[in-house]
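Secondary and tertiary structure notes
Here is what each chain is made of, one letter per residue.
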Amino acid sequence: MNKLLAALLCTVLAIACTESSSPARAFQIGKHRIEVMVPAGWQALDQGRQLVFRNGETTLIFTDLGAVRPDGFRDVAAAARELWRSGRDDEARTRLWELPLRTDLFESHDALERIREPWSGVLSVPRGAPYADVATDFDRLFAAIDAMQPAPIDRIMDDALPRLDHDPSRREVKSRQATRADNREAMLAETWMTLTHSDPRCLFVIVNAGRALALRCDRCEGAASAAFHDAAVSLHFAAESRK
Amino acid sequence: MSRHLRGSAWIALVACVLFGCRTEEQEQPAPREVFRWTSQAVSFSPPPAGWRREGELSGGVRGVRFVKEHSVGEAITVGEFHHIAERDRTAAIQELIDNFEKIDRYDFLRDSQLAQSRTDDLFTGHERRVAEEVNAALSRSRTSYLNDDPKMARGELENALAAARRFRLTLDDVLEKAALEPLRRQEPQRFASFERRNLQVGGEPAVSFAWSFELSGRRYERREVFVVHRSHLYVARFIGLEKTVPLFERVMTSIEFPQ
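Okay, so let's go over this structure.

The rules behind these values
Every chain begins its residue count from 1, and numbering advances along the sequence as written. Chain letters and ligand numbers both follow the written order, the letters beginning at A and the numbers at 1. Note on the predicted model: pLDDT of at least 70 is required for a residue's local features to be given, and 80 or more for side-chain atom pairs to be given and counted; whole-chain, interface and lining totals, by contrast, use all residues. Excluded from the side-chain calculations are hydrogens and water; all other atoms, namely the structure's heavy atoms, are used. The rule is simple: take the accessible area with a 1.4 Å probe, protein chains only, and divide by the maximum for that residue type; under 20% is buried, over 50% is exposed, in between is partly exposed. Only DSSP runs of H or I reaching four residues or more are called helices, and only runs of E reaching two or more are called strands; each is numbered from the N terminus. Strands are treated as partners if at least two bridges between them are detected by DSSP. Note on contacts: a residue pair qualifies if any of its non-hydrogen atoms lie within 4.5 Å across the two residues. Here the buried area means the combined drop in accessible surface, using a 1.4 Å probe, for two parts upon being joined, counting both sides. Salt bridges are identified by distance alone: a Lys or Arg side-chain nitrogen within 4 Å of an Asp or Glu carboxyl oxygen. Polar contacts here mean pairs of N or O atoms no more than 3.5 Å apart (in protein, one a potential hydrogen donor and the other a potential acceptor; neighbouring residues in sequence count only if both atoms are side-chain atoms). Each axis is a line fitted through C-alpha atoms, and for a helix only the stretch in contact is used; angles between axes span 0 to 180 degrees, taken between their N-to-C directions.

Residues and elements named next belong to chain B. In terms of burial, strand β5 (residues 75-81) is a largely internal element, 7 of the 7 residues being buried. The two faces of β5 match: A75, T77, G79 and F81 on one face and I76, V78 and E80 on the other face are all buried. In the sheet, strand β4 (residues 61-68) pairs with β5 via 7 bridges, with the strands oriented antiparallel. In the strand pairing of β5, G63 is matched with G79. In textbook terms, the turn of a hairpin is the stretch between consecutive antiparallel strands, and for β4 and β5 this stretch comprises 6 residues, one of which, H70, has a positive phi near 55 degrees. Of the pairings in the sheet, the one linking β5 to strand β9 (residues 232-240) comprises 6 bridges and is antiparallel in character. Opposite G79, over in β9, you have V235 as the bridge partner.

Here's what the structure looks like:
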C-alpha cells in the first residue's frame, strides 16, 4: 500500500513539475502583429519596436527591422504620401527616411540609384511645400519601387546582421539555413566569436508583408537555444498580415 | 597481499573495464574545427572539454588560447601572426574586384588605397618588388577610375591581383625576425639552451623550440612551434606540466590548412 502511495505521489509530482509552455500570446512589434508562445518561466517585456523574453540573464529579443522588400517599401512611401497630402510634410519626411536605401536590399547599385533619385527629389523641396510640388517625384518613387526586384532571403540576412549588433571584425557566421515559418520565407543563422568559436548567438529573420522581423538569442546554448527554436517555430502572424 | 589491498585492486580493475583506464596523458582532443582569423583558414582538433577558450590578441598573434580549468595555469595557444598575414593582399584585391560593380566612387578610392601593400619593414627583396608592382597597378586603377574608364580600372585591378599572387614568404624568411627575436628578448638567459627540432606540420616544414623552467616548486614545460603556409606564419604554444605535453603534441600535429 505504501509503495502504491509513493508511486502515486511521484506521478503527481512529475506531472506538476513538468514544464509546459503557456498558450500563445499576441504582441505588436513595430508593424508586425504576432502570436507566439512565451516559454514557461520566461517573462515577456513589450518595448514597442521590440519584444523581450527574459529568463534571468538570458534574453530572446524580437525586433521589427523595417521594410526590406518592394511591398514594405510601398507601404512606407504610401504612408509618407498620405501625410504630405494632408499637409504634414514634416512627418512625411520622417517616414521617407525610414526607407532603407542600403545596397544589400537591391540587385545592383543602379537599382538603388533609381529609387534614391526621386527620394532625394521629394526630400529636397523646401519645408511646407504643397503636395503638388512633390507629386511627380512621388510618382517616380512608386514606379521605381514597382520595378525593384525583391531581395533574396540571404541578402536580407546580410542586411540584418549589422543591425543585430553583428560585428564582422569579432564574430563570424557559423551557419545559415533558409527555412519557412508560418508559411513565410525565413532564415536561421548562428554566429560565434571568430577567434575562439565560443559565445554562440542565434538569429532568425522572417519576412512579413515586405518587412523583416528578427529574433535574436545571445549565449544561445542549452535551455536558451531550445527556447529560441520553440519561439521561432511557434511564431504566427495575425490573420490580416500579408505574406 | 592483504584482503583489503586485493579488494582495492579488484575495484580499480572493474573501474578500468567500466570507465576505461584513461590518464591525462591520453586525453584526446575534441573534433576538428576550422578557424578563419585571416584570409587563410587553419583547422585543428582543440583540447577537450575542461579547457576554457579565450581570444589571443597579443604579441602580434591573433588566435585562440585554451586554458585548462582548475589547473596550475596550463595553456595551449594556436594563432597566426597577423602583421605577416596582412602582407598578403590577394583577398583585399579580390574583394575589390568582386564588388567593383556595386561600390561607389568613395568606397572604391578608399578600398583600393587600403588594398595597397606595405613598403616598410619588409622581409625580402622579393617582397619589395611584389609590393611595388601591386601598388603601381592599384595607382593606375585609381587614375583610370577617376578618368571614367572603368574597364581599364578593372583591368589594372586584375594586374594588381596577379602581382599579389606572386607574394611568397618562407619560414626561413620570417623565423628570425618575427619569431625568434621576441623569444630571445623574453628569455635572454635560457634562449641558447632551447632544444630546437625540425618537423612537419600540416604538410609544411616547421620548427619547434622546447625548454622548461621552475616556478613555485613546479617544473613547467614550454613549447613554441612555428610553421608557414602560403606566406602566413602560425604558432602553436604550450605552457604546462610534462604530463600534458602529449595532448599539446596531438593538438599541434592535427593542424591542417584547408583551401
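For the rest of this paragraph, the subject is the interface of chain A and chain B. Counting from both sides, the interface comprises 6 residues of chain A and, opposite them, 16 residues of chain B. Ranking the residues of chain A by area buried against chain B places L195, T196 and H197 of chain A at the top, with a combined share of 61%. One can count 0 salt bridges joining chain A with chain B. For the interface between chain A and chain B, the tally reads 6 residue pairs in polar contact (both at pLDDT 80 or more).

Before going further, it helps to spend a moment on the sheet that holds strand β8 (residues 218-229) of chain B. Residue and element names in this part refer to chain B. With antiparallel pairing, the 7 strands of this open sheet are ordered in space as β3-β4-β5-β9-β8-β7-β6. Sheet topology places β3 (51-58) and β6 (195-201) at the edges, where each strand pairs with a single neighbour. Mean inter-strand twist for the sheet, computed between neighbouring axes without regard to direction, equals 20 degrees. Where strand β7 (residues 204-215) meets β8, 10 bridges bridge the pair, whose relative direction is antiparallel. Across the sheet, residue F209 finds its bridge partner in β8, namely E224. Running over the sheet, helix α7 (residues 171-186) touches β5, β6, β7, β8 and β9 and is turned about 150 degrees from β8. Where helix α8 (residues 245-253) meets the sheet, it contacts β3, β5, β6, β8 and β9, and its direction lies at approximately 10 degrees from that of β8.

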